[in-house]
Amino acid sequence: MKKAALLLVIFLTGCATAVPTWTPPSSSQSLSLVDAQIKPACSNSYCYGFSLEMQNKTDRPVEIDWNRSYYTQAGQTNGGLMAEGVIISQRNMIRAPDVILPNGRYLKTVWPSNFTQLSIGLASAEWINQMLPEGSQGVFITLKQGDREEYVRSEMSMSVSYPKALPIPAMSLGGINLINGDK
């Protein structure tokens, strides 16, 4: 029993320190209106969105049209993008644009609106951002300046891969398998 408990502690400790990896670690694109860069936004064990940074290269404001900006997965759109300040229950409603001031810098963490879910526990309920799946990820951002439109395209995609979990060894007590089911 002590040996099994020790293996479980080692296994859980190893999982807690595992960090997802991205290839490439960031992605950049230079347009006539902005220079843009995305990086993964991650917790200790999973990634939930992107850190989006844009530098306005003009002397006029640039608008981010959130109603025509999307999360991309495997080269296809998969819902919109959310950021802090968006009321989750209204995430699919029409939203006002953000403005990047002339020669200004814009930095915001965004996450896929389709990957947000309500988690209900015994004592509380909260909205959480789910883990991004493995594979190609990215954003498609629509920018406007007057009648002109530009797009931060899905070429700014990244591939995420998560460490593979080790198989849990079977532990039994008195003929009952405690982890892998009673076999």
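Just so we're clear, the structure is a prediction, and the values are computed from it rather than from any experiment.

What counts and how
Along each chain, numbering runs from 1 in the same order as the chain's sequence is written. Totals for whole chains, interfaces and linings use every residue, but because this is a predicted model, local features are given only for residues with pLDDT of at least 70 and side-chain atom pairs only at 80 or more, for both listing and counting. Excluded from the side-chain calculation are hydrogens and water; included are all heavy atoms of the structure. Two aromatic rings from Phe, Tyr or Trp, using only the six-membered ring of Trp, form a pair when their centres are within 6.5 Å; if the ring planes differ by under 30 degrees the pair is stacked, by over 60 it is edge-to-face, and anything between is tilted. The rule is simple: take the accessible area with a 1.4 Å probe, protein chains only, and divide by the maximum for that residue type; under 20% is buried, over 50% is exposed, in between is partly exposed. Secondary structure elements follow DSSP: runs of H or I no shorter than four residues count as helices, runs of E no shorter than two count as strands, and numbering proceeds from the N terminus. One speaks of a salt bridge when a side-chain nitrogen belonging to Lys or Arg is within 4 Å of a carboxyl oxygen belonging to Asp or Glu. Only a pair of cysteine sulfur atoms within 2.5 Å qualifies as a disulfide here. Two strands qualify as a pair provided DSSP detects at least 2 bridges between them.

Draft legend 1. Layout of the packing of aromatic side chains. In this structure the tally under the stated criterion is 4 aromatic pairs. Centroid distance Tyr46 to Tyr48: 6.4 Å. Interplanar angle 70°. Geometry classified as edge-to-face. Owing to a relative accessible area of 27%, Tyr46 belongs among the partly exposed residues under this scheme. A ring pair is formed by Phe140 and Tyr151, whose centres lie 5.4 Å apart and whose planes are at 20°; its orientation type is stacked. In this pair, Phe140 sits in strand β11 (residues 135-145) while Tyr151 sits in strand β12 (residues 148-152), placing the two residues 11 residues apart along the sequence. Judged by its relative accessible area of 23%, Tyr151 is partly exposed. Feature note: the residues Phe50, Tyr71 and Phe115 constitute an aromatic cluster, connected by ring pairs.

Draft legend 2. Geometry of the pattern of salt bridges. One pass over the structure, following the stated rule, counts 7 salt bridges. We note a salt bridge from Arg148 to Glu150, for which the minimum N-O separation is 3.6 Å. With relative accessibility at 40%, the residue Arg148 sits in the partly exposed group. Glu150 gets classed as buried once you look at its relative accessible area, which sits at 13%. Three or more residues joined by partner-sharing salt bridges are found here, namely Asp65, Arg68, Lys144 and Glu149.

Draft legend 3. Highlighting the state of the cysteines. Scanning all chains against the criterion turns up 1 disulfide. Between the sulfur of Cys42 and that of Cys47 lies a disulfide, 2.1 Å long from S to S. Disulfide Cys42-Cys47: torsion about the S-S bond near 80°, hence right-handed. Classification of Cys42 as partly exposed rests on a relative accessible area of 33%. Assessed through its relative accessible area of 0%, Cys47 is described here as buried.

Draft legend 4. Focus on the pairing of strand β4 (residues 47-56). Sheet topology note: the strand β3 (residues 34-42)/β4 ladder contains 9 bridges and is antiparallel. Across the sheet, residue Gln37 finds its bridge partner in β4, namely Glu53. Connecting the antiparallel pair β3 and β4 is a turn made up of 4 residues. Pairing geometry for β4 and strand β8 (residues 105-112), over 6 bridges, is antiparallel. If you follow Met54 over to β8, its bridge partner there is Tyr106.

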